[in-house]
Amino acid sequence: MATTTAQTSQFSTTTTTTSSATNGDSESHNNNKQNNDTIQPSDDEKDSKPKQPHKIIVLAGPTAVGKSKVAAHLVQLLSGNGQGEGQGQGIVISADSVQTYQGVHIGANKPTWEERAVTPHLLVDMVPASLSDRKYSVAEWRRDALYAIQNVLQLKATHGEDITTDSYFYNHEGDKVLQENSTTTTTTTTNSGGDEDDENDDSQNDNTTTNEIERTLRQQEEQARRQILDEEIEKIRQSSLRPSNDDGKDNNDVQPMTPIVVGGTMMYVQWLVYGIPDALQPSESAQRQAQAFVQHFRRNSFDGDWDGAVQHLIDTIPSSYSNFEAQVRKISFQDWYRLGRIMQVAITAQEYAEQQRQKQQEQQEQQEGQVAQVENDPQTPDEVDREMDALISRLYSGERLGGLKNMMMKKNQNGDDNNNDDDTEKVPLFDVRCFFLCPTNRMAHFQTIDLRCEQMIQQGLLRETMQLAVDGKFNDMTRRAIGYRQALEYLQRPNPQRQDVAALVQFMQDFCTATRNYAAQQMKWYRKDDEFVFVPVPTTSLSSSAAVASQSSNTATNKKPGVTKRPPQPPPVLLRKEEREDAFQQVALDIHRMVQLDRDEFDREERLASDCPSSRTREENQEQGKDMKWFQFKRKILVDNSPALWQALQEADWCTEQYLNQINKNNNISNNGNDSNITEIPSH
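All of these numbers come straight from a predicted model, not from anything done at the bench. (Residues numbered from 1 in each chain as written. Predicted model: local features only at pLDDT ≥ 70, side-chain atom pairs only at ≥ 80, totals over all residues. Heavy atoms only, no water.)

## A short note on the sheet that holds strand β5 (residues 257–262)
Right, so step 1: In spatial order, the strands read β4-β3-β5-β2-β10-β11; together these six strands make up an open sheet with parallel pairing. With one partner strand each, in any of the chains shown, β4 (121–122) and β11 (532–537) form the two edges of the open sheet.
Right, so step 2: Alignment of strand β2 (residues 54–60) against β5, held across three bridges, turns out to be parallel. Bridged to Ile-57 within β5 is Ile-260.
Right, so step 3: Where helix α4 (residues 138–152) meets the sheet, it contacts β2, β3 (89–94), β4, β5 and β10 (430–439), and its direction lies at approximately 170° from that of β3. (Pairing = 2+ DSSP bridges. Helix = DSSP H or I, 4+ residues; strand = E, 2+ residues; numbered from the N terminus. Contact = heavy atoms within 4.5 Å. Axes fitted to C-alpha atoms, helices over the stretch in contact; angles between N-to-C directions.)

Written out as structure tokens, the structure is:
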């Protein structure tokens, strides 16, 4: 059996020493494990029984489909300002990984202040854009989203903020053992337990100090975000007070509020709705080694040596973990996050295995040859390897903890509080209604994406990117976001020249292609998730839709074997602005109607029926994907010899010079303290 340990990795940054948690930590873990995902409402919520689940609306969809517009109309409908009777104030919770950062606007397609004044938004502009030492993780966003939902719905649990913490306790015995015997304290992105006992481990003092500083910093940042959320929600709640009564007296009743989670970041939505992956918690040293490993093979570029990284990781981990190589091979090309994540798990597993071997050796020495076994006898080497193999396999098992759909509450609230939780009937805490806004015509939707990308360039995407870069307000998340990434590559292009139309067009094409590919990925992702009801969003005029449908029918009827050339089809006619607004309003009305349905009727008629509109829309979307290989990029605004293109070139040249000047200035100051050189790009 291979005995390679994490300490032998060339990317190791520290030597770890074993330490164990106190018995109190273990008992706390077990107690929280028993109460996982269960909310006990307060006395104020005990008047009516049985309690009804709180409704939460989730709006997902591909980029540029109109999620924000539909959400705005839905907020108006819920408040009674649109058609129909209002049910309370709707409030948008953004599930966009870029919009959460401050300072980014055009590239994030962030709602304007005017739009936010009409449609309340939470989790927008929450995190400083210059947070460069670490990223705002999906786990932190999920905790903030749960806190916002808890505050919006005024959930008062007897155990504190349970919906933001319970899911961070792991149910599997293997994870519990690993947590109790971790070589260092676990990262606070999960807040999954107390501090480790380092009293007898002087070698850990420096690392512990660093960990405590990091933990304190994260806690302070989280508290600051929660204070912002508290203030924003209270302001929205006060603005939604019911109007005065007929007798002229003020009515201080606050309207109920409905959270509407809106966003296209697939991982954010998945973690919130279904919960966090039930996988091993990595140690601090494993996280540092994995980060160094990824940085080494990426070599500060966007591509890096992917094949070399995969092979090195496979060669580093002992071959006795039979499932490890298979899990690594499953990772999608260039998915550095998942590659680093599985390395964290593997290193942590090795650290645990080494601890078990050390315990076994120490216990054998203490027994002095005695055959008798003692309590908690450590595992044999083969047992350790089998357990580690199972933990690595479960990294992508699909099991999740702490999702909105899984959180429960007691059905009846007037019983004996001392009753065993196992004997108390529980019901879902939330009734989560998930919708996917699906374009009816994918060709037209791709044209809409290209048009929006051109508009973002025209609005100043390059200028915003340049300013963020020279001000040092880019972090890893925003720097690699679609739009900002392509803009940075354009500013950093080799041998830049003035009035270089070809370079600017290539930038536009790269930007549009990346956005279209991401939209296609979003549609593919949600087509596999039957929890989401597919709601058709019109993208073309009626005449264009009829022509395309007729052409598609003729193509299917007259299809000949061996014919690979796509027959000519009429180009789709995009909806005019007023037509799009009418379409968004109608989509919001459809969703509003489905939200009012009984849960059983909603599932039976709108979500699961084989002939329901959702199923047909899902199938049509998949079928249209077969023709998307014929789509061609075509500029609509920044066309050749147009004033718009000339203005864009002027802006692009100025941004390039400003960016290069700042880079040269920083380099000169670093080298000799001289910042006098000025860069001018030559004419094309």
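## Overview of the pairing of β5
Right, so step 1: With respect to burial, β5 is a largely interior element, six of its six residues being buried.
Right, so step 2: Both faces of β5 are covered, namely the face carrying Met-257, Pro-259 and Val-261 and the face carrying Thr-258, Ile-260 and Val-262.
Right, so step 3: Bridging between β3 and β5 involves six bridges; their strand directions are parallel. Looking across to β5, one finds that Ile-93 is bridged to Val-261. (Buried < 20%, exposed > 50% of the residue type's maximum accessible area, 1.4 Å probe, protein only.)

## What about the nonpolar core?
Within soluble globular proteins, side chains that are nonpolar generally end up buried alongside one another.
Right, so step 1: Formed by 93 residues in total, the largest nonpolar core has its most connected members in Leu-122, Phe-430, Leu-462, Leu-504 and Phe-507.
Right, so step 2: The element best represented in this core is helix α18 (residues 501–527), accounting for ten residues.
Right, so step 3: Apart from the residues within four sequence positions on either side, Phe-507 is in contact with Ile-457, Leu-461, Leu-462, Gln-486, Ala-487 and Tyr-490. (Core = buried A, V, L, I, M, F, W, Y, C linked by side-chain atoms within 4.5 Å.)

## Concerning the environment of Gln-289
Right, so step 1: With respect to the helices, strands and loops of the structure, Gln-289 is situated in helix α9 (residues 284–298).
Right, so step 2: Taking C-alpha positions, Gln-289 is 9.1 Å from Gly-340, a pair spaced 51 residues apart along the chain.

## Section: the packing of helix α2 (residues 67–79) against helix α20 (residues 577–596)
Right, so step 1: Contact geometry for α2 and α20: axes closest at 8 Å, N-to-C directions at 55°. Our classification of the angle between α2 and α20 gives oblique. Like other packed secondary-structure pairs, α2 and α20 cross with a definite hand, here right-handed. Only Glu-581, Phe-584, Gln-585, Val-587, Ala-588, Leu-589, Ile-591 and His-592 of α20 make contact with α2, whose side of the interface consists of Lys-69, Val-70, His-73, Leu-74, Leu-77 and Leu-78.
Right, so step 2: Here the contact of α2 with α20 is composed, by residue class, of nine nonpolar, three polar and two charged. (Parallel < 35°, antiparallel > 145°, perpendicular 65-115°, else oblique. Left-handed = near helix turned anticlockwise from the far one by under 90°. Nonpolar A, V, L, I, M, F, W, Y, C, P; charged D, E, K, R; others polar.)

## Side note on unusual backbone geometry
Right, so step 1: Positive phi outside glycine occurs at Leu-123, with the angle close to 65°.
Right, so step 2: Turning to its location among the elements, Leu-123 is positioned in the loop between β4 and α4.
Right, so step 3: For Asn-495, which is not a glycine, the phi torsion comes out positive at approximately 50°.
Right, so step 4: The exposure class of Asn-495 is exposed, given its relative accessible area of 70%.

All quantities given are derived from atomic positions and should not be read as evidence of function.
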